[in-house]
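# Structural features, examined
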Amino acid sequence: MLEQAKDRWLRALMYDRGLCPAARVLGAVLISDFLGNTRAPDIDALAKALCVSPRTTKRALNQLEQAGWLTIANPGKRGKPLHVALIDRPLPTLGPSRP
């Protein structure tokens, strides 16, 4: 059941064309590595894992939060873990066409 929810959330996130690529990748990392945990690594660790700057990581997190994909209860400061809650969203009605 958890795998189905994880897959549904991930597919819906990937189809959200309003998100920048960094936000989609960050969302995928959060869903694959931290589902069920309330704590994610700090901004610097996420940035290193994504090969982007901490500033890009913060922007991607903010974009995910603004779009309603997650909530950040206690925004992390450098070196402190983030407290993230993923929000379940429905799949979009339009996705990429399949051959």
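Position numbers for residues start from 1 in each chain and track the written sequence from start to end. Where totals are concerned, whole chains, interfaces and linings use all residues; where local detail is concerned, this predicted model gives features only for residues with pLDDT of at least 70, and gives and counts side-chain atom pairs only at 80 or more. Values shown for side chains rest on all heavy atoms present in the structure; no hydrogens or waters enter the calculation.

## Some words on the pattern of salt bridges
In the sections that follow, a salt bridge refers to a side-chain nitrogen of Lys or Arg positioned within 4 Å of a carboxyl oxygen of Asp or Glu. Under the counting rule described, the total for this entry stands at one salt bridge. Residue Arg11 pairs with Asp7 through a salt bridge whose shortest N-O separation is 3.1 Å. Taken together, the positions of Arg11 and Asp7, both in helix α1 (residues 2-15) and four residues apart, correspond to about one turn of that helix. Every helix listed is a DSSP run of H or I at least four residues long, and every strand listed is a run of E at least two residues long, numbered separately from the N terminus.

## Points about the packing of aromatic side chains
The rule is short: rings of Phe, Tyr and Trp, with Trp giving its six-membered ring, pair when the centres are within 6.5 Å, and they are stacked under 30 degrees, edge-to-face over 60, tilted in between. A full pass over the atoms with the stated rule returns one aromatic pair. Pairing Trp9 with Trp69 gives two aromatic rings, centres 5.4 Å apart and planes at 85°, and the pair type is edge-to-face. Linking Trp9 in helix α1 with Trp69 in the loop between α4 (54-66) and β2 (70-74), this pair joins segments that are 60 residues apart in sequence. Owing to a relative accessible area of 3%, Trp9 belongs among the buried residues under this scheme. Relative accessibility thresholds used throughout: buried, under 20% of the residue-type maximum; exposed, over 50%; partly exposed, between the two (1.4 Å probe, protein chains only). On the basis of relative accessible area, Trp69 is assigned to the buried category, the value being 1%.

## A look at the side chain of Thr57
Topologically, Thr57 is positioned in helix α4. A relative accessible area of 1% places Thr57 in the buried class. We call two residues in contact when some of their heavy atoms are within 4.5 Å. Other than its neighbours up to four places away in sequence, Thr57 contacts Leu26, Ile43, Leu46, Ala47 and Val52.

## Here's the deal with unusual backbone geometry
In the Ramachandran plot, Cys51 falls in the positive-phi region, its phi being about 60° despite a non-glycine side chain. According to the relative accessible area criterion, Cys51 is exposed, its value standing at 72%.

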